[in-house]
Amino acid sequence: MFKNYFKIALRNLWKNRTFTTLNVVGLTAAFGVAILLAMYTVFQLSFDRFHEHGDEIYQVYTEDSGLNGIEANISKSEPFAAALKDEVAGVEKITRYISTGVLLSQDDKQFDMSTAYVDPDFFEIFSFPIIKGDTKNPITSESSVVMTELAAKRIFGDEEPIGQTVSILRDEQQVPFTVTAIVKDFPNTSSMDFDIVLNFKSQNEHAYARTIGRWDMENHEVYMQLAEAVQQEQFEKNTTDFTQLHYKNVIDNAKRDGFQPNPEGLYRQLKLLPLADVRFANFNQGAVTVSRTMPYLVLGISILILFIACVNFINMSIAKSAQRLREIGMRKTLGANKKQLFFQFWGESILVFLISIGLGILLAVFLLPYFQTIFKTQASLATLLNPSLLLVLILSVLLITLIAGGYPALLMSRLGTLQSLKGKLDVHGKNHLRNSLMVLQFGIAILLISGTLVLWDQVEFMRTKDLGFNKDQVIAFPLNGQLNDQQAIELLRNKLQDKPNILSVTASNTILGLGKDGSRSTSVLGFEHQGRGVDTHMVVVDADYIETLDLNIIKGRAFRKNLASDSLSVIINEAMAKQLNEDDILASQIDLDDAVYSVVGVIKDFNFQELDQTIAPMTLFALPNWNLRNVYVKVSSQNLEQAYTDVKAAWNSIEPNAEFQGSFLNENIDRTLRHERTMITMIGSGSILAIILSCIGLFAMSLLIVAQRKKEIGVRKIVGASVSAITILLTKDFLKLIVIAFLIASPIAWWAMSKWLQNYVYRIELNIWMFLGAGGIAVVIAMLTIAVKTIKAATSNPVDSLRTE
Amino acid sequence: MKNKLLSLNIASKTVNLGSHKIALLDKIDLQVHEGEFISLMGPSGSGKSTLLNCIGMLDRFTDGGYTFLGEPVHSMKEKNRSRLYKEYIGFVFQAYHLIDELTVYENIETPLLYKNIKSSERKAMVADMLDRFNIVGKKDLFPMQLSGGQQQLVGIARALIGKPKLILADEPTGNLNSKQSDEIMELFAQLNEEGVTIIQATHSESNAAYGSRIINLLDGKIV
Ligand SMILES: Nc1ncnc2c1ncn2[C@@H]1O[C@H](COP(=O)(O)OP(=O)(O)O)[C@@H](O)[C@H]1O
Ligand SMILES: [Mg+2]
């Protein structure tokens, strides 16, 4: 029996090879892409899930009442972690955490190492297993260093790393550290990413010693493991006294400034963020929001694409079943029952699906390297090889084949014996289903296309927007060598001074956009002004900052050439001026703990942060001997490439061992749009695939319709219908479907896109043309798809079509 | 007299066409005994096919009684009816109705598959049948590669493979020339000799003459 089914299935598939091919191609593409996208989603969602105590690990953060409502903040102060553990019940273990880069040397080699400074509990909270060396107290000593297998390999090659001494540059001195332990290379689903781990106390003066005992200097994150018996909410409630005690002045200031407390009447609330949520949390806009939209969006796209391919399969199977009526009828008279017929036809579908899934897996394997490059992900197919996940995948594939293959099989097995023998099929009801499915298909395609268009528009807008500073002519790079910042800048200035294509050189503690090294920092300063609390971004700059970036001074002056004479002067932006709210801004002063600074100038607001944020108050300082990590070099617009080479050569001669990580500011801006670009590529490729698959289905339908109406076309031509009249006759039904799809999809797309655009303070206006464009694209592609067959049918000799009947 | 195979007791079939009812078969009374060879005659549209389909249980009478081998078909569930016809009835059609995608061998084999007969037994039965109809050389051909007469031979072989008691043949020679037609009728006569009961619908007087009894239908009534 099975052999008989199998044979007839193969013969049928072969007989209808055009349709088989269309189906297999469509389903293969859909399965291949769906596998990749599902893999990506699973990979994203499995981030930080490998820690044994994962469910008990939390990041500690605070929610403060601020000028603009609730503000979330993850930075904590030096005494905080220890005090929390002592004073609030339920802290099983706690660690401070700060991630940064250090320069490590061994013999005469130098390595840039990403470093985590943590407390000893770190290795007990997180599952970074130590495979060699001191498993008990690896970093209890302040001169110990723990490294990953990879890092050890990089530094020592095949030599035994344990017990070796390396030196790390700290406060301009080489400090020796002993390697005490090696940790297993961790899975690539770890958000924490380090080469070496050092004791928190091993940090430089500025980051640690200076902050000891200070509750007001917040510069690191804190993670804790909650005792098993304690609930998260309960713990958060229990911290109230702790907060009242240690943050009395913060709370008093908030009350004084008239901020709104939270619903519990608190002005500062300690909160816990589950470890698994950290990667998906947004701290930038008010209260913490955890959003897994992106991975689920990707999964959604893969489901939509599978859906489209399955619709093609269903539509083609139903349409083709008309040709198998006699077989169905005959089998029934020979004694087949419904169940047997169902399994026969379903089996044929399963065959097609199995072939497609097999090819789809091959396709996924083939596309994987490209996928990894384009989406900058380390997700691999191994991500999917976990028993419970495989079960889910197999079940979903079964479900898909059950529905897509089973529905047509059910229809066929239910046909009456006599009707099928006579070859008559009541096709009326079924066209409704086909039409609705096609409307859905094209609706999805149009939705994705318009999404892509809007996204692309917004990204172009952000990329090309005038941000208020010169981003085209300025090269920025980090001072990542051994010299101290001031020395390095001095040497660089001298080197570049007489080059005609170099216009000016400056430096600052912050970077604009995202540099090649990928690191970024901001410092926000809070102080009291006229009895109110005032917050400002603090940017410490070197000479010529304003000139180099072409910032516009609207009041007062820039810093003097002789920067030392301006060490007590500040220049503020318009937002800051507004916040200070002074009649004569240039006569005003700001009083920080250490000194009083005079406002000497006001610059026009510029977008020093990303475009999803309004321009915040900002103050430029000219403090001497400050950490100025980023150099900015303005070059003449004549030959940008040559200028880049010159700057690079200059840096290499000053710091021969350090990598030059320079890039133009517009590239830095581009880098900040990576997330958006990934989304465009995802949705864009999804929409291309969606429209291609929909058109495969449309093409198949046009083949069938033309075949079915061959006689009608012949008769109409003999009666005198023109070629165009017949083409219109054959096309207009499909065109109608696409127009309906457009009418349904556009409002949904409009709604979704305007929602997405809400994320950006600076955004494009949606206009009807983006959506009409998407609809237009769909219509044109669809028409081209069916044009070939219909025009051929319309121009064929009518006598031929009648003769074959 | 031989055993009674089936009997129709004022059996009728009516259909609703729009608002009014049409009687396709009108109060048919008919007894068929084992070993009979009945020819149903009547002009096109007189109800021959409908009657055969109802007797073959592919269709139902809407009124009256139908007893087959003592079992009341009119009150039976679909499942039991299909068990009954699977076991006892073979069909031969004017348009042969072979399955295009299957070879001669596989076409003949198919009814056995639905009867869950073992593979070795199946092989033997099909081989016998091929032998008997002299079509061993054609067993791997597809229906399209055969002449009409040969296709109908395969059709009959397929109807016979399940060793039915009754063969229902609806204008079995309607698409054949007179030589082929005579061969098929000879074959039926021979089968009937061997004890198979046959009911055939036909237009042709000469074909009808092969039968042991002729029943004339007109507008759904026996005349
Ligand atoms: N399901 C049906 N509904 C309505 N009329 C039918 C149906 N089946 C058959 N008929 C009509 O019943 C009549 C008898 O048909 P049929 O049994 O095929 O006649 P024959 O085989 O003698 O030519 C014809 O007029 C046919 O059109
Ligand atoms: Mg007939």
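None of the values given here were measured: they were computed from a predicted structure. (Residues numbered from 1 in each chain as written. Chains lettered and ligands numbered in written order. Predicted model: local features only at pLDDT ≥ 70, side-chain atom pairs only at ≥ 80, totals over all residues. Heavy atoms only, no water.)

1. Focus: the overall build of chain A
Now for step 1: Regarding its fold elements, chain A presents 25 helices and 25 strands.
Now for step 2: Judged by the C-alpha coordinates and their principal axes, chain A covers about 100 × 60 × 60 Å.
Now for step 3: Across the 805 residues of chain A, 53% fall into the buried class.
Now for step 4: When the accessible area of chain A is evaluated, it comes to approximately 37,000 Å², of which 57% is carbon and sulfur surface. (Helix = DSSP H or I, 4+ residues; strand = E, 2+ residues; numbered from the N terminus. Buried < 20%, exposed > 50% of the residue type's maximum accessible area, 1.4 Å probe, protein only. Areas by Shrake-Rupley, 256 points an atom, 1.4 Å probe, with all protein chains shown as cover.)

2. Some points on the pairing of strand β10 (residues 196-199) of chain A
Residues and elements named next belong to chain A.
Now for step 1: Bridging between strand β5 (residues 109-118) and β10 involves four bridges; their strand directions are parallel. Paired with Thr115 across the two strands is Ile196, which belongs to β10.
Now for step 2: Of the pairings in the sheet, the one linking strand β7 (residues 144-148) to β10 comprises three bridges and is antiparallel in character. Bridging across to β10, Met147 finds its partner in Ile196. (Pairing = 2+ DSSP bridges.)

3. A look at the sheet that holds strand β10 (residues 221-222) of chain B
Residues and elements named next belong to chain B.
Now for step 1: A sheet is described by the order of its strands in space; here six strands give the open sequence β6-β7-β8-β3-β9-β10, paired in mixed fashion. At either margin of the open sheet sits one strand with a lone partner, and together these are β6 (89-93) and β10.
Now for step 2: Pairing geometry for strand β3 (residues 37-41) and strand β9 (residues 213-218), over four bridges, is parallel. Across the sheet, Met41 pairs through a bridge with Asn216, a residue of β9.
Now for step 3: Of the strands in this sheet, β3, β6, β7 (166-170), β8 (197-202) and β9 are in contact with helix α1 (residues 48-55), which crosses β7 at around 155 degrees.
Now for step 4: Sitting on the sheet, helix α2 (residues 78-88) touches β6 and β7, and the angle it makes with β6 is about 75 degrees. (Contact = heavy atoms within 4.5 Å. Axes fitted to C-alpha atoms, helices over the stretch in contact; angles between N-to-C directions.)

4. Observations regarding the site of ligand 1
Residues and elements named next belong to chain B.
Now for step 1: The immediate surroundings of ligand 1 are formed by Val15, Leu24, Pro43, Ser44, Gly45, Ser46, Gly47, Lys48, Ser49 and Thr50.
Now for step 2: Between Ser49 and ligand 1, the recorded distance is 2.6 Å, taken from a side-chain N or O atom to an oxygen atom.
Now for step 3: Against a free-state accessible area of 560 Å², the protein chains account for coverage of 59% of ligand 1.
Now for step 4: By residue number, the principal contributor to the shell around ligand 1 is α1, which donates three residues.
Now for step 5: Grouping the amino acids of the shell around ligand 1 by side-chain chemistry returns three nonpolar, six polar and one charged. (Near = heavy atom within 4 Å. Polar contact = N/O pair within 3.5 Å; in protein donor to acceptor, adjacent residues only side chain to side chain. Nonpolar A, V, L, I, M, F, W, Y, C, P; charged D, E, K, R; others polar.)

5. Notes on a nonpolar patch on the surface
All names here are of chain A.
Now for step 1: Together, Leu385, Leu390, Leu391, Leu393, Ile394, Leu395 and Leu398 give the surface a local cluster of nonpolar side chains, amounting to about 650 Å² of exposed area.
Now for step 2: Within the secondary structure, Leu398 is located in helix α13 (residues 387-413).
Now for step 3: By relative accessible area, which is 45% here, Leu398 ends up partly exposed. (Patch = residues over 30% accessible without salt bridge, like charges linked within 9 Å, V, L, I, M, F, W, Y side chains within 5 Å. Salt bridge = Lys/Arg side-chain N within 4 Å of Asp/Glu carboxyl O.)

6. Focus on the interface of chain A and chain B
By a widely used convention, the size of an interface equals the accessible area lost when the partners come together.
Now for step 1: Each partner contributes residues to the interface: chain A has 22 residues there, and chain B has 23 residues.
Now for step 2: Of the roughly 2,100 Å² buried between chain A and chain B on both sides combined, carbon and sulfur atoms contribute 58%.
Now for step 3: Of all residues in chain A, Arg11, Leu334 and Leu418 of chain A bury the most surface against chain B, accounting for 27% of the area lost on that side.
Now for step 4: Its salt-bridge partner being Lys15 of chain A, residue Glu101 of chain B comes within 2.6 Å of it at the nearest N-O pair.
Now for step 5: The interface formed by chain A and chain B includes seven residue pairs in polar contact (both at pLDDT 80 or more).
Now for step 6: Of all the secondary structure elements, the ones that give two or more residues to the side of chain A that touches chain B are α1 (2-15), α11 (325-333), α12 (338-374) and α14 (417-422) of chain A.
Now for step 7: If one sorts the elements of the side of chain A that touches chain B by residue count, α1 of chain A sits on top with seven residues.
Now for step 8: For the side of chain A that touches chain B, the residue count by class is eight nonpolar, seven polar and seven charged. (Buried area = accessible area lost by both parts, 1.4 Å probe.)

7. Notes on the UniProt feature "domain: MacB-like periplasmic core" (unreviewed entry) in chain A
Residue and element names in this part refer to chain A.
Now for step 1: The residues that UniProt annotates with the feature "domain: MacB-like periplasmic core" (unreviewed entry) are residues 20-239 and 498-648.
Now for step 2: Annotated as residues 20-239, this span is 24% helix and 37% strand, and its ends, taken at the C-alpha atoms, are 66 Å apart.
Now for step 3: Counting secondary structure, residues 498-648 comes out at 13% helix and 34% strand; the distance between its end C-alpha atoms is 16 Å. (UniProt positions renumbered as here; feature names shortened; annotations may be inferred.)

8. Some points on the sheet that holds strand β24 (residues 630-635) of chain A
The strands making up a sheet associate through hydrogen bonds between their backbones, and the pairing can be parallel or antiparallel.
All names here are of chain A.
Now for step 1: Across the sheet, four strands lie side by side as β16-β24-β15-β25; this open sheet has antiparallel pairing. For this open sheet the edge positions go to β16 (502-508) and β25 (663-664), each flanked by a neighbour on one side alone.
Now for step 2: One ladder, built from six bridges, connects β16 with β24; its direction is antiparallel. Opposite Val505, over in β24, you have Val633 as the bridge partner.

9. Some points on the UniProt feature "domain: ABC transporter" (unreviewed entry) in chain B
Now for step 1: Mapped onto this numbering, the UniProt entry gives "domain: ABC transporter" (unreviewed entry) at residues 6-223 of chain B.
Now for step 2: With 36% helix and 29% strand, residues 6-223 of chain B has its two end C-alpha atoms placed 20 Å apart.

10. Quick word on the nonpolar core
Across soluble globular proteins, nonpolar side chains show a tendency to be buried alongside one another.
Residue and element names in this part refer to chain A.
Now for step 1: Counting 123 residues, the largest nonpolar core has Phe469, Leu512, Tyr545, Leu549, Leu620 and Tyr632 as the members making the most contacts within it.
Now for step 2: By residue number, the principal contributor to this core is helix α21 (residues 674-708), which donates 16 residues.
Now for step 3: With residues near it in sequence (within four places) discarded, Leu512 still touches Phe469, Tyr545, Leu549, Phe606, Phe608, Tyr632, Leu665 and Asn668. (Core = buried A, V, L, I, M, F, W, Y, C linked by side-chain atoms within 4.5 Å.)

11. Digging into the packing of helix α23 (residues 723-757) of chain A against helix α24 (residues 768-795) of chain A
Residue and element names in this part refer to chain A.
Now for step 1: Packing of α23 against α24 leaves a shortest axis separation of 9 Å and a crossing angle of 155 degrees. Classified by the angle their axes make, α23 and α24 are roughly antiparallel. Classified by chirality, the crossing of α24 by α23 is right-handed.
Now for step 2: Of the residues contributing to the contact of α23 with α24, the split by class is 19 nonpolar, six polar and no charged. (Parallel < 35°, antiparallel > 145°, perpendicular 65-115°, else oblique. Left-handed = near helix turned anticlockwise from the far one by under 90°.)

12. With respect to the pattern of salt bridges
Residue and element names in this part refer to chain A.
Now for step 1: Enumeration according to the criterion identifies 41 salt bridges over all chains in this entry.
Now for step 2: In this structure, the salt-bridge partner of Asp277 is Arg292, at a minimum N-O distance of 2.9 Å. Of the two residues, Asp277 sits in helix α9 (residues 275-278) while Arg292 sits in the loop between β14 (289-290) and α10 (293-321), which places them 15 residues apart along the sequence.
Now for step 3: Of the charged contacts in the structure, one is a salt bridge between Arg493 and Asp542, with a shortest N-O distance of 2.8 Å. Here Arg493 is found in helix α16 (residues 485-496), whereas its partner Asp542 is found in the loop between β18 (532-540) and α17 (545-548), with 49 residues between them in sequence.
Now for step 4: Classification of Asp542 as buried rests on a relative accessible area of 13%.

13. What to know about the UniProt feature "domain: ABC3 transporter permease C-terminal" (unreviewed entry) in chain A
Now for step 1: The feature "domain: ABC3 transporter permease C-terminal" (unreviewed entry), as annotated in UniProt, sits at residues 301-415 and 687-798 of chain A in this numbering.
Now for step 2: The span residues 301-415 of chain A is 82% helix and 0% strand, and its two end C-alpha atoms sit 36 Å from each other.

14. Re the side chain of Thr189 of chain A
Now for step 1: Position of Thr189 of chain A relative to the elements: it lies in the loop between β9 (173-183) and β10.
Now for step 2: Not counting residues within four places of it along the chain, the set of residues in contact with Thr189 of chain A comprises Phe43, Ser46, Phe47, Asp48 and Phe50 of chain A.

15. A few points about the side chain of Asn312 of chain A
All names here are of chain A.
Now for step 1: With respect to the helices and strands, Asn312 occurs in helix α10.
Now for step 2: Residue Asn312 is classed as buried on the basis of its relative accessible area, which comes to 3%.
Now for step 3: With residues up to four places along the chain from it excluded, the contact list for Asn312 reads Asn23, Gln441, Leu693, Ile696 and Gly697.

16. Considerations on the packing of aromatic side chains
Residues and elements named next belong to chain A.
Now for step 1: Enumeration according to the criterion identifies 43 aromatic pairs over all chains in this entry.
Now for step 2: Taking 5.0 Å as the distance between ring centres and 55 degrees as the angle between the ring planes, the aromatic pair formed by Phe186 and Phe194 counts as tilted.
Now for step 3: In this structure Phe186 comes out as buried when scored by relative accessible area, which is 18%.
Now for step 4: The exposure class assigned to Phe194 is buried, which follows from its relative accessible area of 2%.
Now for step 5: The structure contains a cluster of three or more aromatic residues connected by ring pairs, namely Phe50, Tyr97, Phe122, Phe123, Phe126, Phe128, Phe186, Phe194 and Tyr223.
Now for step 6: If you follow Arg279 out to its NZ or CZ, it ends over the ring of Phe47, 3.5 Å from the centre. (Phe/Tyr/Trp six-rings, centres within 6.5 Å; stacked < 30°, edge-to-face > 60°. Lys NZ or Arg CZ within 6 Å of the ring centre and 35° of its normal.)

17. With respect to the packing of α1 of chain A against helix α3 (residues 104-114) of chain B
Now for step 1: Where α1 of chain A contacts α3 of chain B, the two axes come as close as 11 Å, and the packing angle between them is 135 degrees. Taken as axis vectors, α1 of chain A and α3 of chain B run oblique relative to one another. Across from Asn4, Tyr5, Lys7 and Arg11 of chain A in α1 of chain A, the residues of α3 of chain B making contact are Glu106, Glu109, Thr110, Leu113 and Tyr114 of chain B.
Now for step 2: Counted by class, the contact of α1 of chain A with α3 of chain B contains three nonpolar, two polar and four charged residues.

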